[in-house]
Amino acid sequence: MSFRELKIKTNVVKRIAKEQISYGKELESQQKRIDKLIADEADEADVRKQKEVLEETVQMIPDVKRRLAAAVQELSTMVADPKYAGSSELEEAQQVLDDMQ
C-alpha cells in the first residue's frame, strides 16, 4: 500500500469520527426540540414527526460506531507496516489513532 492510501485511511477515520460527533449533537438537539414542542403543547402530528426524525438519528449511531471501529482497525493495521516508518503520513495516522482512544 502507498503513502497516499495511508493518508486516505487517516482522513476516513477523521471524517467518520466527526460524523459520530455530529450525530450525537443532532440527537441532543432533536430531543430538546421534542421536549420544547411537548412543553408548548404543539400539534401531536408535529411531535410525532420530530420523534420519527429522532428515531432515524438513533438508528444511525450504531452504524457510525461500527464503521468507525472498522476504519480504526484498518488504519491500525496500516500503521503497523514498517514501510511507513518516519513518514509524516505515519505521524498523522498515529496522532489520529491516539485521539480515538
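The written sequence of each chain sets the order in which its residues are numbered from 1. Totals for whole chains, interfaces and linings use every residue, but because this is a predicted model, local features are given only for residues with pLDDT of at least 70 and side-chain atom pairs only at 80 or more, for both listing and counting. Computation of side-chain values: all heavy atoms of the structure, hydrogens and water removed.

Where an unreviewed UniProt entry is consulted, the chain appears under the name Tubulin-specific chaperone A, with the organism given as Umbelopsis vinacea. UniProt positions are given in the numbering used here, feature names are shortened, and annotations may be inferred rather than shown by experiment. Its UniProt record gives the chain the following Subunit (unreviewed entry) comment, quoted word for word: "Supercomplex made of cofactors A to E. Cofactors A and D function by capturing and stabilizing tubulin in a quasi-native conformation. Cofactor E binds to the cofactor D-tubulin complex; interaction with cofactor C then causes the release of tubulin polypeptides that are committed to the native state."

**Student:** Just checking my understanding: could you explain the nonpolar core for this structure?
**Tutor:** One recurring pattern in soluble globular proteins: nonpolar side chains tend to sit buried together. Among buried residues, the Ala, Val, Leu, Ile, Met, Phe, Trp, Tyr and Cys ones that are joined through side-chain atoms within 4.5 Å form a nonpolar core. A simple rule labels every residue: compare its accessible area, found with a 1.4 Å probe on the protein chains alone, to the largest value its type can have, and call it buried under 20%, exposed over 50%, or partly exposed in between. Ranked by internal contacts, the top residues of the largest apolar core, which has 16 residues, are Leu6, Val13, Leu75 and Val79. Looking at this core, the elements with two or more residues in it are helix H1 (3-39), helix H2 (44-79) and helix H3 (88-100). Broken down by element, the residue count for this core peaks at six residues, all from H2. Beyond its immediate chain neighbours, meaning those up to four positions away, Val79 contacts Leu90, Ala93, Gln94 and Leu97. Secondary structure elements are taken from DSSP: a helix is a run of H or I of four residues or more, a strand is a run of E of two residues or more, and numbering for both begins at the N terminus. By definition, residues are in contact when any of their heavy atoms lie within 4.5 Å.

**Student:** How should the packing of aromatic side chains be read in this particular structure?
**Tutor:** Aromatic rings considered in pairs are described by the distance between their centres and by the relative angle of their planes. Centres within 6.5 Å are what make two rings of Phe, Tyr or Trp a pair, Trp counting through its six-membered ring; a difference in plane orientation under 30 degrees is then read as stacked, over 60 as edge-to-face, and the rest as tilted. In total, this model carries one aromatic pair according to the counting rule given. Relative to Tyr84, the ring of Phe3 has its centre 5.3 Å away and its plane inclined at 75°; by these criteria the two rings are edge-to-face. Taken together, the positions of Phe3 in helix H1 and Tyr84 in the loop between H2 and H3 put the pair 81 residues apart, joining distant regions of the chain. Here Phe3 falls in the partly exposed class, since its relative accessible area comes to 38%.

**Student:** Could you clarify how one ought to interpret the pattern of salt bridges in this entry?
**Tutor:** If the charged atoms of two oppositely charged side chains come close together, the side chains can form a pair. Salt bridges are counted wherever a side-chain nitrogen of Lys or Arg sits within 4 Å of a carboxyl oxygen of Asp or Glu. Scanning the entire structure with this criterion turns up ten salt bridges. Lys9 serves as the salt-bridge partner of Glu74, at 2.5 Å between the closest nitrogen and oxygen. One end of the pair, Glu74, is in helix H2; the other, Lys9, is in helix H1, and 65 residues separate them in sequence. When its relative accessible area of 38% is taken as the criterion, Glu74 is described as partly exposed. Among the residues examined, Lys9 registers a relative accessible area of 26% and is labelled partly exposed. Between Glu19 and Arg15 there is a salt bridge whose closest N-O contact spans 3.8 Å. Separated by four residues within a single helix, Glu19 and Arg15 lie in helix H1, roughly one turn from each other.

**Student:** Can you help me understand the packing of H1 against H2 in this one?
**Tutor:** In a packed pair of helices, the relevant descriptors are the angle between the two axes and the axis-to-axis distance. Axis lines are fitted through C-alpha atoms, for helices just across the contact stretch, and the angle between N-to-C directions can take any value from 0 to 180 degrees. The N-to-C vectors of H1 and H2 enclose an angle of 160°; their axes lie 8 Å apart at closest approach. The pairing of H1 with H2 is recorded here as roughly antiparallel in orientation. Every pair of crossing elements has a handedness; the one defined by H1 and H2 is left-handed. Polar here means any residue other than Ala, Val, Leu, Ile, Met, Phe, Trp, Tyr, Cys and Pro, which are nonpolar, and Asp, Glu, Lys and Arg, which are charged; Gly is therefore polar. A per-class count over the contact of H1 with H2 returns 22 nonpolar, six polar and eleven charged. Note that the term roughly parallel is reserved for angles under 35 degrees, roughly antiparallel for angles over 145, roughly perpendicular for angles of 65 to 115, and oblique for everything else. Note: crossing handedness is left-handed where the near helix turns anticlockwise from the far helix by less than a right angle, and right-handed where it turns clockwise.

**Student:** Looking at this structure, I do not really get H2. What am I missing?
**Tutor:** Side chains that are three or four residues apart share a direction in an α-helix, a result of its 3.6 residues per turn. Counted at 1.5 Å a residue, the expected span for H2 with its 36 residues is 52 Å, and the 52 Å between its end C-alpha atoms agrees. Every buried residue of H2 is listed here: Val47, Gln50, Leu54, Thr57, Val64, Leu68, Ala71, Leu75, Met78 and Val79. The inward-facing, buried residues of H2 contact H1 and H3. Take the residue count of a helix, subtract one, and multiply by 1.5 Å to get its expected span.

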